[in-house]
Amino acid sequence: MKKIYRRILVFILTAIFITVIVLSMIFLTPAPPAAEMDYARQCLSEAGKNNAVTYSSKLFNEAHTSYDSAMANWKRQNERFIFFRDYTRVLEFANLTAEKAIQATQSSKTNTSALKTRAEQKLDKLNRLVTEIDKLFNAYPLESETRNRISRGKMILEEAQINFARGQYLQANTMISEAESLLTSSFETASENLKNYFKSFDQWKSWADKTIRESKRTGGYSIIIDKFSRKLYVYQKGIKKMEFNAELGKNWVGDKRIKGDHATPEGMYKITKKFDSRKTKYYKALLLDYPNDEDLARFRSEISKGTLPGSAKIGGLIEIHGNGGRGIDWTEGCIALTDKEMDVIFRLISPGTPVTIVGSMIDLSRILNR
């Protein structure tokens, strides 16, 4: 009987010992910071959703590095004997991950908002600049390099607007800066060219005023061609009666200097001949007395100064003619109207009618203000 009791006692003591051992393993074994790691993952995910990898890359990368370090430490501890595991560093890295990820989220939101605002302001400014460039220089014969830079700037601006609409504000701002550089420098170059051209405005105004006064004095017709506005005006008795859209030489800025330069001359001329459809390939035509005495004197002066080669020719056969309405400047120096418009002025105008061609009848400041 004693042996039975002894065995029972041994069994009970053994069970108690095993229970103590198990409980010790449960309570004394270090627990991994699973909850903290899960929270760190959530914070990282939230930062990713807010594009922190783009708009707060430094903090996001620091958070990711901390998370990787936490996982690496966790793996190393799990490889150790259960009683020797220490998850202190894992917990530190998990907390640091959450902290950096939260900062990255907040920083990304702030940076995104700032980039969006900056992009909106720049896009508005550049679109207004493009509108101004188009109004002033769309039909202005700029140098090919300047024209190409404007085209390139417009293309990049369109791409920036697409990126902005997609919420890609960093890429949009990068493209905006490139477009701004191209468009701003091109506008400055073109504006300087335009200002130099308009230095002759006082002369143009004098010619136009004299032509209108003469029309008023004689009661007859006169024509004024405004190259910058692409207009042909018909006056009678000093009053503007009609206006038509005019198409000019491809290189109309400035005065005509030599044959073949595709420039429309500037000065005070007269109609010398009328050609109906049988005598011109341009439907109907009114021939001007270009070159006049002033043109010849200027041409000879340039030859003598060496600013033109001795072999240069001054050219001629400048007309107001039909076949216009193309919407571009295409002539070799003449002024083109539509055939219907030519019918109108062909009936009214006779040889001897004054024709004055000016760069503009409106000064540059008024053009820019408009």
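A few points on the structure. (Residues numbered from 1 in each chain as written. Predicted model: local features only at pLDDT ≥ 70, side-chain atom pairs only at ≥ 80, totals over all residues. Heavy atoms only, no water.)

## Topic: unusual backbone geometry
A negative phi angle characterises most non-glycine residues, just as the trans form characterises most peptide bonds.
So, point 1. Look at the link from Tyr-290 to Pro-291: it is a cis peptide, with omega at 0°.
So, point 2. Position of Pro-291 relative to the elements: it lies in the loop between β5 (285-288) and α9 (293-305).
So, point 3. Phi at Asn-51 is positive, roughly 60°, even though this residue is not glycine.
So, point 4. Along the chain, the position of Asn-51 falls in the loop between α2 (34-49) and α3 (52-55).
So, point 5. The phi angle at Lys-237 is positive, at roughly 55°, despite the residue not being glycine.
So, point 6. By the element assignment, Lys-237 lies in the loop between β2 (231-236) and β3 (239-245). (Helix = DSSP H or I, 4+ residues; strand = E, 2+ residues; numbered from the N terminus.)

## Considerations on the sheet that holds strand β4 (residues 267-275)
So, point 1. Strands sit in the order β3-β2-β1-β8-β4-β5-β6-β7 across an open sheet of eight strands; the sheet is mixed. Bordering the open sheet on either side are β3 and β7 (335-336), each of which pairs with just one other strand.
So, point 2. Bridge count for strand β1 (residues 221-226) against strand β8 (residues 354-358) is four bridges, and the pairing is parallel. Paired with Asp-226 across the strands is Val-358, a residue of β8. (Pairing = 2+ DSSP bridges.)

## Looking at the environment of Gln-161
So, point 1. One can find Gln-161 in helix α6 (residues 144-165).
So, point 2. Gln-161 sits in the partly exposed class, given a relative accessible area of 28%.
So, point 3. Beyond its immediate sequence surroundings of up to four residues, Gln-161 is in contact with Leu-123 and Asn-127. (Buried < 20%, exposed > 50% of the residue type's maximum accessible area, 1.4 Å probe, protein only. Contact = heavy atoms within 4.5 Å.)

## Remarks on the nonpolar core
So, point 1. The biggest cluster of nonpolar side chains holds 67 residues, and the ones touching the most others in it are Phe-137, Ile-225, Leu-232, Ile-320 and Ile-345.
So, point 2. If near-sequence neighbours (up to four positions away) are discounted, Phe-137 is found in contact with Leu-142, Arg-147, Phe-187, Ala-190, Ser-191 and Leu-194.
So, point 3. Counting residues in hydrophobic clusters, the runner-up holds 19 residues, among them Leu-44, Ala-70, Tyr-87 and Val-90. (Core = buried A, V, L, I, M, F, W, Y, C linked by side-chain atoms within 4.5 Å.)

## Here we look at the packing of helix α5 (residues 88-137) against α6
Two quantities define a packed helix pair, namely the angle between the axes and the distance from one axis to the other.
So, point 1. With their axes 11 Å apart at the nearest point, α5 and α6 run at an angle of 145° to one another. The hand of the α5/α6 crossing is left-handed. Mapping the contact onto sequence places Lys-116, Ala-119, Glu-120, Leu-123, Leu-126, Asn-127, Val-130, Ile-133, Asp-134 and Phe-137 in α5 and Arg-147, Ile-150, Lys-154, Leu-157, Ala-160, Gln-161 and Phe-164 in α6.
So, point 2. Grouping the amino acids of the contact of α5 with α6 by side-chain chemistry returns ten nonpolar, two polar and five charged. (Axes fitted to C-alpha atoms, helices over the stretch in contact; angles between N-to-C directions. Left-handed = near helix turned anticlockwise from the far one by under 90°. Nonpolar A, V, L, I, M, F, W, Y, C, P; charged D, E, K, R; others polar.)

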